[in-house]
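Examining the three-dimensional arrangement
For reference, the chains in residue letters:
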Amino acid sequence: TLEAAIDVLNMLGRVVVCGYISQYNTNEAYGIRNLIQVIFKQLSIRGFQFTSTAEEYGAKHQKDVTTWLLNKEFVYKEDITEGLDNAPDAFVNLLTGNVFGKGIIKIADL
């Protein structure tokens, strides 16, 4: 995803990186093949951890995101796995980067 984003970013574009769960437990991290574009396009890439910004931005962020979701200004995707029996496979998919969007295990209809 990051490689695709780098390819289409405009000059002086900015990227925020948080998470990277597919790389947490790997012995051989994969590389980003088009990092030269960071130089050519003068891009900025900045990592952050939610815990370092939650106190300062948490309430405002919650209000803003709620408004965006209600107004459909921000649309998200879900990767839904049916049944608790399939939870182990869903977790493996999450750790290997095979989940697109928010990973959910559906165990019942409400």
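Rules of the game
Residues numbered from 1 in each chain as written. Predicted model: local features only at pLDDT ≥ 70, side-chain atom pairs only at ≥ 80, totals over all residues. Heavy atoms only, no water. Patch = residues over 30% accessible without salt bridge, like charges linked within 9 Å, V, L, I, M, F, W, Y side chains within 5 Å. Areas by Shrake-Rupley, 256 points an atom, 1.4 Å probe, with all protein chains shown as cover. Salt bridge = Lys/Arg side-chain N within 4 Å of Asp/Glu carboxyl O. Helix = DSSP H or I, 4+ residues; strand = E, 2+ residues; numbered from the N terminus. Buried < 20%, exposed > 50% of the residue type's maximum accessible area, 1.4 Å probe, protein only. Contact = heavy atoms within 4.5 Å.

**Thoughts on a nonpolar patch on the surface**
A surface patch of nonpolar side chains, amounting to about 590 Å² of accessible area, comprises Tyr20, Ile21, Tyr24, Tyr30, Phe91 and Leu94. With respect to the element layout, phenylalanine 91 can be found in helix 4 (residues 87-95). For phenylalanine 91, a relative accessible area of 49% gives the class partly exposed.

**Things to note about the pattern of salt bridges**
Tallied over the entire structure, the rule returns three salt bridges. Residue glutamate 3 pairs with arginine 33 through a salt bridge whose shortest N-O separation is 3.1 Å. Taken together, the positions of glutamate 3 in helix 1 (residues 2-8) and arginine 33 in the loop between strand 1 (14-17) and helix 2 (36-40) put the pair 30 residues apart, joining distant regions of the chain. Assessed through its relative accessible area of 73%, arginine 33 is described here as exposed. One salt bridge in this structure joins lysine 106 and aspartate 109, with 2.8 Å as the shortest N-O distance. Overall, lysine 106 belongs to the partly exposed group, its relative accessible area being 30%. In this structure aspartate 109 comes out as exposed when scored by relative accessible area, which is 64%.

**Describing the environment of threonine 81**
Residue placement: threonine 81 occurs in strand 3 (residues 78-82). The class for threonine 81 is buried, based on a relative accessible area of 18%. Put simply, threonine 81 and isoleucine 104 are 23 residues apart on the chain and 6.1 Å apart in space, counted from C-alpha to C-alpha. Not counting the four nearest positions on each side in its chain, threonine 81 is found in contact with Asn86, Ala90, Ile104, Ile105 and Lys106.

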